[in-house]
Amino acid sequence: MAKMINKTLVLTYIYLLIYIILSSGVILYNKWVLSPKYFNFPFPITLTMIHMGFAGFVAFLLIRVFKVVAPVKMTFEIYATCVVPISAFFASSLWFGNTAYLHISVAFIQMLKALMPVATFIMAVVCGTDKPRCDVFANMLLVSVGVVISSYGEIHFNIVGTVYQVTGIFAEALRLVLTQVLLQKKGLTLNPITSLYYIAPCSFVFLALPWYVLEKPTMEVSQIQFNFWIFFSNALCALALNFSIFLVIGRTGAVTIRVAGVLKDWILIALSTVIFPESTITGLNITGYAIALCGVVMYNYIKVRDVKASQPTGDSLPDRINKEWKMEKKSSDKFNPNDSEEIPRGIAEINDEEAPLITSRLSHIGRTQLGNHAV
């Protein structure tokens with residue numbers, strides 16, 4: 001039993017480490033590719049379309065050719081009313097978020113991302129999936145004040161980049177809320193591969209219009225520095241990030257994931273200043289971000305507490321690990337599309353770069369662990 005617990009903990013920490021490395025790597029890689037000072041490919045929509053095309057192609061191979069997982073029963077009505085709007089906001093969040101790299105530093109972008117809980121809460125209230133609460137509102141106010149202070153202390157503050165990033169944050173927040181409202185209410189949940197299979201191609205199509213209007217006229221083939229291995233490895237990292245998040249969610253609880261996210265943000269801010277020397281961090285930046293982070297931590301505590309209150313008391317830790325270990329040996333990679341089991345809200349709100357599957361179906365092991373995990 002002790003060896004089993006140690007094996008589970010080691011795997012969990014390995015998955016968390018992989019997630020932190022890939023999540024930070026994708027952001028830094030995108031910044032390096034897009035920045036005129038480095039690889040000099042200032043076409044964020046094109047880069048995002050490459051990611052979506054690659055992800056959709058890999059998902060197609062896994063589902064239709066190699067049949068790793070079975071496709072879900074997708075009707076035209078569900079596709080038009082659920083997948084299409086979710087893909088539209090997902091494409092928008094990636095478009096705006098990647099465009100922000102052209103104007104502001106990675107460190108400042110991470111500080112602005114502290115607004116994500118604020119945006120998610122506002123959109124949830126507007127869409128009727130959450131109710132206004134004084135405790136949450138106080139946390140949102142604290143986060144907002146911290147971000148304002150951090151912005152005021154930004155030496156290279158750029159209003160265009162800030163607007164792009166904040167708009168992308170609200171687009172992502174609306175995408176998360178729509179995923180809960182549209183997909184889960186219809187009893188449809190997707191595993192990581194089928195999520196990319198349906199969402200990535202649709203997002204690619206949505207990005208085609210702004211690409212044709214904004215980027216195509218300014219692209220001159222003779223001036224474009226195209227390196228196949230750079231773009232292939234960049235898209236591969238983005239795809240790997242999706243699956244790493246799936247593994248992390250399947251192995252940990254809400255608290256662990258959120259703490260890992262906070263740790264990743266601090267590591268990313270520090271790394272960005274080393275890799276991109278022009279990214280200068282001031283004392284006011286750190287002070288504002290620390291204030292915002294306090295609000296985020298308090299918000300995370302409230303959401304995790306709500307998740308715990310909504311779940312029945314589980315077995316003891318050894319019993320849960322023993323059950324999960326047995327299930328792991330018996331489980332297959334096939335998913336039942338008719339199973340409408342929902343994911344706890346605290347997990348569903350977790351978001352990251354290039355990841356449409358955060359609220360997707362977990363593996364049988366992951367769903368059991370989340371259902372019983374006493375965080």
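Predicted, not measured: the structure shown is a model, and the values here were computed from it.

A. Representation of the overall build of the chain. Across its full length, the chain carries 14 helices and zero strands. Reading the chain from its N end, one meets helices and strands in the order α-α-α-α-α-α-α-α-α-α-α-α-α-α. Buried positions account for 52% of the 375 residues belonging to the chain. Once local pairs closer than 6 in sequence are excluded, the contacts in the chain between residues at least 24 apart make up 88%. A total accessible area of about 16900 Å² is found for the chain, and carbon and sulfur atoms account for 69% of it.

B. Examining the confidence of the model for the chain more closely. Within the chain, residue pLDDT values average 81, and 80% of them lie at 70 or more. Confidence, expressed as mean pLDDT per element, reaches its minimum in the chain at helix H14 (residues 364-372) with 33 and its maximum at helix H2 (residues 44-65) with 96. Counting interchain partners and residues more than four positions distant, the pLDDT-below-50 stretch residues 320-349 has 75 contacts. Across residues 357-375 the pLDDT falls below 50, and counting only partners more than four positions away or on other chains, this stretch makes 72 contacts in the model.

C. Seen up close, the pattern of salt bridges. Scanning all chains against the criterion turns up six salt bridges. When the shortest N-O distance is used, the salt bridge between Arg 305 and Asp 135 registers 3.7 Å. With Arg 305 in helix H11 (residues 283-309) and Asp 135 in helix H6 (residues 134-152), this pair connects stretches of sequence that are 170 residues apart. Taking the shortest distance from any N to any O, the salt bridge between Lys 264 and Asp 265 comes out at 3.3 Å. The exposure class assigned to Lys 264 is buried, which follows from its relative accessible area of 6%.

D. Inspection of the environment of Ile 14 at higher detail. Within the secondary structure layout, Ile 14 lies in helix H1 (residues 2-34). Assessed through its relative accessible area of 39%, Ile 14 is described here as partly exposed. Sequence spacing of Ile 14 and Val 248 is 234 residues, and the spatial spacing of their C-alpha atoms is 9.2 Å.

E. Inspection of the nonpolar core at higher detail. Ranked by internal contacts, the top residues of the largest apolar core, which has 81 residues, are Val 33, Val 106, Ala 114, Val 143, Val 147 and Leu 207. Tallying contributions element by element places helix H3 (residues 76-100) first for this core, with 10 residues. If you look at the next biggest cluster of nonpolar residues, it comprises 12 residues, including Tyr 15, Leu 16, Leu 241 and Ile 257.

F. Region of interest: the packing of aromatic side chains. Counted by the stated rule, this structure contains 16 aromatic pairs. Relative to Trp 32, the ring of Tyr 29 lies with its centre 6.2 Å away and its plane at 55 degrees, an arrangement referred to as tilted. Of this pair, Tyr 29 and Trp 32 are both found in helix H1, three residues apart, which corresponds to roughly one turn of the helix. Judged by relative accessible area, Trp 32 falls into the partly exposed class, the value being 30%. Measuring from centroid to centroid gives 6.0 Å for Phe 96 and Tyr 164, while their planes differ by 40 degrees, and the two rings are tilted. Within this pair, whereas Phe 96 is found in helix H3, its partner Tyr 164 is found in helix H7 (residues 159-184), the two being separated by 68 residues in sequence.

G. Just the packing of H6 against H11, in detail. Remark: H6 packs on H11, axes separated minimally by 7 Å, with the N-to-C direction vectors making an angle of 160 degrees. Considering their axes alone, H6 and H11 lie roughly antiparallel with respect to each other. Here H6 runs over H11; the crossing is left-handed. Considered class by class, the residues forming the contact of H6 with H11 number 16 nonpolar, six polar and two charged.

H. Summary view of the environment of Phe 137. With respect to the element layout, Phe 137 can be found in helix H6. Distance from Phe 137 to Val 118, taken between C-alpha atoms, is 8.6 Å for residues 19 residues apart in sequence.

I. Fine view of the side chain of Asn 285. Secondary-structure assignment places Asn 285 in helix H11. For Asn 285, a relative accessible area of 0% gives the class buried. A distance of 3.1 Å separates a polar side-chain atom of Asn 285 from the backbone nitrogen of Thr 282.

J. Main features of helix H5 (residues 116-127). Taking 1.5 Å as the rise per residue, H5 with 12 residues should run 16 Å; its terminal C-alpha atoms sit 16 Å apart, in good agreement. Of the residues making up H5, those classed as buried are Met 116, Pro 117, Val 118, Ala 119, Thr 120, Phe 121, Met 123 and Ala 124. Gly 128 occupies a position one or two residues after H5 and carries a positive phi of about 80 degrees.

K. Seen up close, the side chain of Asn 139. Tracing the sequence through the fold places Asn 139 in helix H6. Asn 139 gets classed as buried once you look at its relative accessible area, which sits at 3%. Those residues in contact with Asn 139 that sit more than four places away from it in its chain are Gly 295, Met 298, Tyr 299 and Ile 302.

Definitions and limits used
Residue positions are counted from 1 within each chain, in the order its sequence is given. Only residues with pLDDT of at least 70 are given local features in this predicted model, and only at 80 or more are side-chain atom pairs given and counted; all residues enter the totals for whole chains, interfaces and linings. Hydrogen atoms and water are omitted, and side-chain values are computed over all heavy atoms in the structure. Where helices and strands are cited, they refer to DSSP runs of H or I of at least four residues and of E of at least two residues respectively, numbered from the N terminus. Three exposure classes are used, based on accessible area relative to the maximum for each residue type with a 1.4 Å probe and protein chains only: buried under 20%, partly exposed in between, and exposed over 50%. In what follows, a contact means two residues having at least one pair of non-hydrogen atoms within 4.5 Å. Each accessible area is a Shrake-Rupley result for a 1.4 Å probe, and residues are judged covered by the shown protein chains and nothing else. On a scale of 0 to 100, pLDDT captures the predictor's confidence in every residue. Salt bridges are defined as contacts in which a side-chain nitrogen from Lys or Arg sits within 4 Å of a carboxyl oxygen from Asp or Glu. Buried Ala, Val, Leu, Ile, Met, Phe, Trp, Tyr and Cys residues that are joined via side-chain atoms within 4.5 Å together make up what is termed a nonpolar core. Between 30 and 60 degrees the pair is tilted, below 30 it is stacked and above 60 it is edge-to-face, where a pair is any two Phe, Tyr or Trp rings, Trp via its six-membered ring, whose centres lie within 6.5 Å. To get an axis, a line is fitted to the C-alpha atoms, and for a helix only the part in contact is used. The angle between two axes follows their N-to-C directions and goes from 0 to 180 degrees. Convention used here: angles under 35 degrees read as roughly parallel, angles over 145 as roughly antiparallel, angles from 65 to 115 as roughly perpendicular, and any remaining angle as oblique. Here a crossing is called left-handed whenever its near helix is offset anticlockwise from the far helix by less than a right angle, and right-handed whenever the offset is clockwise. For this classification, Asp, Glu, Lys and Arg are treated as charged, while Ala, Val, Leu, Ile, Met, Phe, Trp, Tyr, Cys and Pro are nonpolar and the rest, including Gly, are polar. Polar contact criterion, stated in full: a pair of N or O atoms within 3.5 Å, where within protein one must be able to donate a hydrogen and the other to accept it, and residues adjacent in sequence count only if both atoms are side-chain atoms. Here the expected length of a helix is defined as 1.5 Å per residue gap, with one fewer gap than residues.

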